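Residues per chain are reported as follows:
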Amino acid sequence: MTTVTVHEAKTNLSKLIAEALAGGEVVIARGAVPAVRLVPVKKPGKRCFGSLKGKIAIDARFDEPLPSDELDAWQGE
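Residues numbered from 1 in each chain as written. Predicted model: local features only at pLDDT ≥ 70, side-chain atom pairs only at ≥ 80, totals over all residues. Heavy atoms only, no water.

**Brief notes about the sheet that holds strand E3 (residues 33-38)**
1) Next: In spatial order, the strands read E1-E2-E3; together these 3 strands make up an open sheet with mixed pairing. Strand pairing shows two members of the sheet lacking a second neighbour, strand E1 (2-5) and E3, which therefore form its edges. Neighbour-to-neighbour, the strand axes of this sheet turn through a mean angle of 35°, independent of strand direction.
2) Next: Relative to strand E2 (residues 26-30), E1 runs parallel, the two being bridged by 4 bridges. Along E2, the bridge assignment pairs Thr2 with Val26. (Pairing = 2+ DSSP bridges. Helix = DSSP H or I, 4+ residues; strand = E, 2+ residues; numbered from the N terminus. Axes fitted to C-alpha atoms, helices over the stretch in contact; angles between N-to-C directions.)

So this is what it looks like as structure tokens:
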């Protein structure tokens, strides 16, 4: 684990980013107190349409109007 001050992080940001992307742990401290951890951004996963097929079901009442008391609650009344 690499711990650097904010000033060192400003000076060596490109090197610290490369280290984090390579799997290293980089901590930036204010004085002697660790403040933040530099980590790579995870790429979003690939969407797979139909992945919930058979896991959820929509009731036949789905398109029916809401009861008046529930509709009032949604409208903040």
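Back to the write-up after that little detour.
**What to know about the pairing of E2**
1) Next: Judged by how many residues are buried, E2 sits mostly within the fold: 4 of 5 residues are covered.
2) Next: Two strands pair when backbone bridges link them, and E2 and E3 are joined in this way by 5 bridges, in the antiparallel orientation. Residue pairing across strands places Val27 opposite Arg37, the latter belonging to E3.
3) Next: From the end of E2 to the start of E3, which pair antiparallel, there are 2 residues, and Gly31 there has a positive phi angle of about 70°. (Buried < 20%, exposed > 50% of the residue type's maximum accessible area, 1.4 Å probe, protein only.)

**Points about the pattern of salt bridges**
1) Next: Scanning all chains against the criterion turns up 2 salt bridges.
2) Next: In this structure, Glu25 and Arg37 form a salt bridge, with 3.1 Å as the shortest nitrogen-oxygen distance. One end of the pair, Glu25, is in the loop between helix H2 (13-21) and E2; the other, Arg37, is in strand E3, and 12 residues separate them in sequence.
3) Next: The residue Arg61 makes a salt bridge to Asp59 at a minimum N-O spacing of 2.8 Å.
4) Next: When its relative accessible area of 56% is taken as the criterion, Arg61 is described as exposed.
5) Next: On the basis of relative accessibility, which here comes to 41%, the residue Asp59 falls in the partly exposed class. (Salt bridge = Lys/Arg side-chain N within 4 Å of Asp/Glu carboxyl O.)

**Focus: the nonpolar core**
1) Next: The biggest cluster of nonpolar side chains holds 6 residues, and these are Val4, Ala9, Leu16, Ala20, Val26 and Ile28.
2) Next: Only H2 and E2 provide two or more residues apiece to this core.
3) Next: Not counting residues within four places of it along the chain, the set of residues in contact with Val26 comprises Thr2, Leu16, Glu19, Ala20, Val36, Arg37 and Leu38. (Core = buried A, V, L, I, M, F, W, Y, C linked by side-chain atoms within 4.5 Å. Contact = heavy atoms within 4.5 Å.)

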